[in-house]
Amino acid sequence: MYVRRMAVRKVVKFGGSSLASARQFRKVGDIIRADKTRRYVIPSAPGKRNNKDTKVTDLLYECYEAASTGASYKKILNQIRERYEEIINGLDLNLNLDHEFANIEENFVKGAGRDYAASRGEYLNGIVMAEYLGFEFIDAAEVIFFDENGNLEADNTNKELAERLEHVERAVIPGFYGSKHDGTIKTFSRGGSDVTGSIVARAIHADLYENWTDVSGFLVADPRVVENPEIIETITYKELRELAYMGASVLHEDAIFPVRKEGIPINIRNTNKPDDKGTLIVESTCRKPRYTITGIAGKKGFCAINIEKAMMNSEVGFGRKVLGVFEKFGISFEHMPSGIDTMTIMVHQSEFEEYEQSVIAGIHRAVEPDGVELESDLALIAVVGRGMKATRGTAGRIFSALAHARINVKMIDQGSSELNIIIGVKNNDFDQAIRAIYDIFVETEV
Ligand code: ASP
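Read on for an overview of the structure. Bear in mind the structure is a predicted one, so any value in this text is a computation, not a measurement.

## Focus on the packing of helix 1 (residues 22–33) against helix 3 (residues 74–90)
Here is step 1: Relative to each other, helix 1 and helix 3 sit at 55°, their axes nearing to 8 Å. With respect to helix 3, the axis of helix 1 lies oblique. As for how helix 1 packs across helix 3, the hand of that crossing is right-handed. Judged by residue contacts, Ala-22, Phe-25 and Arg-26 of helix 1 engage Glu-86, Ile-87 and Gly-90 from helix 3.
Here is step 2: Of the residues belonging to the contact of helix 1 with helix 3, the class tally is three nonpolar, one polar and two charged.

This is the structure:
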């Protein structure tokens, strides 16, 4: 049986550092032209050209702040303009942004809003990119919608975008913003062009969402802790959630939801090393992970509240009452390992400190415990991997590695999905613990 294959369509998003200069734009142009299926392009605003540089988005916030409060802003506006002119001239484009800048200046002075201001970075970069590639420019304000509370109208947006792009072969749609029904511009939170790319990919049922940035994918561990860590080849959405929650970041948190609805994979790629395969993020895969674990991530600054009470286990509603105290003070809990007569609540120290004594008193009143003890300055480390389910002895290996490194494990929590093991250690042991776990799985495992 023959199956008629529809034309492959990819959505490609380029981050700020990929579009920071004419030189970077040329790399992007080469990438897009190298693959005809790369049809819909989502640009960020020009980012930093070097460590000392400022992102155009930050310049725009600063400029708007000045213009809307009557302070002098022309210098910053010129600086922004120069960034675009450098790109336009460097690409030999015949494009004049006079009119656009006059319009932006007028709106800034009128007080068109911070979101409007920030969005101009992507808007102008979209115009430049469309001119450079010879693609159609579609203003995101016409296709991405927010309700009056500033929440994305996902279905409405999806419908509009699908209709609009149905007959458009190739287009540039700026990232990061959309509009409300009254026409005002609204942005996503910082780094939100990732979300735009995902929304567009969903709307056109893309085969792949390529997210081009300045790293060759997700790393197995934080390079500030582990020297030269390996790159993760394939990761599932769920694994990514676990790692991102623990602080590993490359992609905007909300970017996975739209594509996940459609089962579209995301490929993180490096504009500066286009031959690297990057990391593929998928719903599910038969591909065996190279190592038992996919990644390690962690955060410092937790506090454990240990509650003890004899016969706690037979007291119905005990947990609810304890958690009710935290709820009352608006403190969210991160983990809750428990024993027969003990229960531990892990919280962010910074959130908890202010209410510490009130929470202890509250727990006494709510459940009359035998004792409540606090332990502060703890770090949580998540060891994440879909491979753990099928492998025996993972936990054993982690703990023997930690024991060898002379690290005292304060807490252990394994989710029932067997996708992750969370380990609590002292803040001071954090780096060493991550290195020990990395070594045992990545350096020693072949
Ligand atoms: N330009 C925006 C920012 O700097 C959005 C983005 O780059 O995704 O946050």
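## Section: the sheet that holds strand 2 (residues 38–43)
Here is step 1: Strand order across the open sheet formed by eight strands is 3-5-2-1-8-10-11-9, with mixed pairing between neighbours. Only two strands of the sheet have a single partner each, and these edge strands are strand 3 (136–137) and strand 9 (234–236).
Here is step 2: Where strand 1 (residues 10–14) meets strand 2, five bridges bridge the pair, whose relative direction is parallel. Looking at the pairing, Phe-14 lines up with Pro-43 of strand 2.

## Some remarks on the pattern of salt bridges
Here is step 1: Counting across every chain of the model gives 26 salt bridges.
Here is step 2: Here Lys-13 and Asp-194 are joined by a salt bridge, their closest N and O atoms 2.8 Å apart. You can see Lys-13 sitting in strand 1 and its partner Asp-194 sitting in helix 7 (residues 193–203), a full 181 residues away along the chain. Asp-194 carries the same exposure label as Lys-13, and that label is buried.
Here is step 3: Taking the shortest distance from any N to any O, the salt bridge between Asp-58 and Arg-190 comes out at 3.0 Å. Linking Asp-58 in helix 2 (residues 56–68) with Arg-190 in the loop between strand 7 (185–187) and helix 7, this pair joins segments that are 132 residues apart in sequence.
Here is step 4: Given the relative accessible area of 26%, Asp-58 is considered partly exposed.
Here is step 5: Residues joined by salt bridges that share partners form a network here, namely Lys-10, Asp-35, Arg-38, Glu-210 and Arg-269.

## Description of helix 3
Here is step 1: Taking 1.5 Å as the rise per residue, helix 3 with 17 residues should run 24 Å; its terminal C-alpha atoms sit 24 Å apart, in good agreement.
Here is step 2: In the core, the buried residues of helix 3 are packed alongside helix 1, helix 2, helix 4 (98–110) and helix 5 (114–133).
Here is step 3: Directly beyond the C-terminal end of helix 3, a positive phi value near 55° is found at Asp-92.

## Brief notes about the environment of Lys-410
Here is step 1: One can find Lys-410 in the loop between helix 13 (394–404) and strand 16 (411–414).
Here is step 2: The class for Lys-410 is partly exposed, based on a relative accessible area of 35%.
Here is step 3: Sequence-wise, Lys-410 and Ala-304 are 106 residues apart; in three dimensions their C-alpha atoms are separated by 9.5 Å.
Here is step 4: Beyond its immediate stretch of four places on either side in the chain, Lys-410 contacts Glu-375, Leu-378, Gly-424, Val-425 and Lys-426.
Here is step 5: Engagement of the side chain of Lys-410 in a polar contact is seen with the side chain of Glu-375, the distance being 2.9 Å.

## Some remarks on helix 5
Here is step 1: In this model helix 5 runs 29 Å from its N-terminal to its C-terminal C-alpha over 20 residues, within 8% of the 28 Å that 1.5 Å per residue would give.
Here is step 2: Most pronounced at Arg-120, the bend in helix 5 amounts to some 35°.
Here is step 3: Most of helix 5 is tucked away, with 17 of its 20 residues classed as buried.
Here is step 4: Positioned one or two residues after helix 5, Gly-134 has a phi angle of 75°, which is positive.

## A short note on the packing of aromatic side chains
Here is step 1: The final tally for this structure, using the stated rule, is nine aromatic pairs.
Here is step 2: Taken together, a centroid distance of 5.9 Å and an interplanar angle of 20° make the contact between Phe-14 and Trp-212 stacked. Here Phe-14, found in strand 1, pairs with Trp-212, found in strand 8 (residues 208–213); they are 198 residues apart in sequence, far enough to count as distant. Both residues of the pair, Phe-14 and Trp-212, belong to the buried class.

## Some thoughts on the sheet that holds strand 13 (residues 333–335)
Here is step 1: Within the open sheet, the six strands sit side by side as 13-14-12-15-17-16. Their pairing is antiparallel. At either margin of the open sheet sits one strand with a lone partner, and together these are strand 13 and strand 16. If you compare each strand with its neighbour and ignore which way they point, the axes differ by 40° on average.
Here is step 2: With four bridges joining them, strand 16 and strand 17 (residues 420–426) adopt antiparallel strand pairing. By the bridge assignment for strand 17, Met-411 is matched with Gly-424.
Here is step 3: Against the sheet, helix 10 (residues 318–328) makes contact with strand 12 (295–308), strand 13 and strand 14 (342–348), and its axis sits at roughly 25° relative to strand 14, the strand it touches most.

## Points about the packing of helix 2 against helix 3
Here is step 1: The interhelical angle for the contact between helix 2 and helix 3, taken along N-to-C directions, is 155°, at an axis separation of 9 Å. Looking at the two axes, helix 2 sits roughly antiparallel to helix 3. In the packing of helix 2 onto helix 3, the handedness of the crossing is left-handed. Side by side, helix 2 and helix 3 meet where Val-56, Leu-59, Leu-60, Glu-62 and Cys-63 of the first sit next to Ile-76, Leu-77, Gln-79, Ile-80, Arg-83 and Tyr-84 of the second.

## Section: the site of the ligand
Here is step 1: With respect to spatial proximity, the complete set of residues near the ligand consists of Ser-44, Lys-55, Thr-57, Glu-122, Phe-176, Arg-190, Gly-191, Gly-192 and Ser-193.
Here is step 2: Here Thr-57 contributes a side-chain N or O atom positioned 2.8 Å from a nitrogen atom of the ligand.
Here is step 3: Taking Glu-122, its side chain carries an N or O atom lying 2.7 Å from a nitrogen atom of the ligand.
Here is step 4: Protein chains bury 93% of the 260 Å² of accessible surface belonging to the ligand in isolation.
Here is step 5: Among the residues forming the shell around the ligand, the class breakdown is one nonpolar, five polar and three charged.

Parameters at a glance
Residues numbered from 1 in each chain as written. Predicted model: local features only at pLDDT ≥ 70, side-chain atom pairs only at ≥ 80, totals over all residues. Heavy atoms only, no water. Axes fitted to C-alpha atoms, helices over the stretch in contact; angles between N-to-C directions. Helix = DSSP H or I, 4+ residues; strand = E, 2+ residues; numbered from the N terminus. Parallel < 35°, antiparallel > 145°, perpendicular 65-115°, else oblique. Left-handed = near helix turned anticlockwise from the far one by under 90°. Contact = heavy atoms within 4.5 Å. Nonpolar A, V, L, I, M, F, W, Y, C, P; charged D, E, K, R; others polar. Pairing = 2+ DSSP bridges. Salt bridge = Lys/Arg side-chain N within 4 Å of Asp/Glu carboxyl O. Buried < 20%, exposed > 50% of the residue type's maximum accessible area, 1.4 Å probe, protein only. Expected span 1.5 Å × (residues − 1). Polar contact = N/O pair within 3.5 Å; in protein donor to acceptor, adjacent residues only side chain to side chain. Bend = angle between axes of the 7 residues up to and from the residue. Phe/Tyr/Trp six-rings, centres within 6.5 Å; stacked < 30°, edge-to-face > 60°. Near = heavy atom within 4 Å. Areas by Shrake-Rupley, 256 points an atom, 1.4 Å probe, with all protein chains shown as cover.

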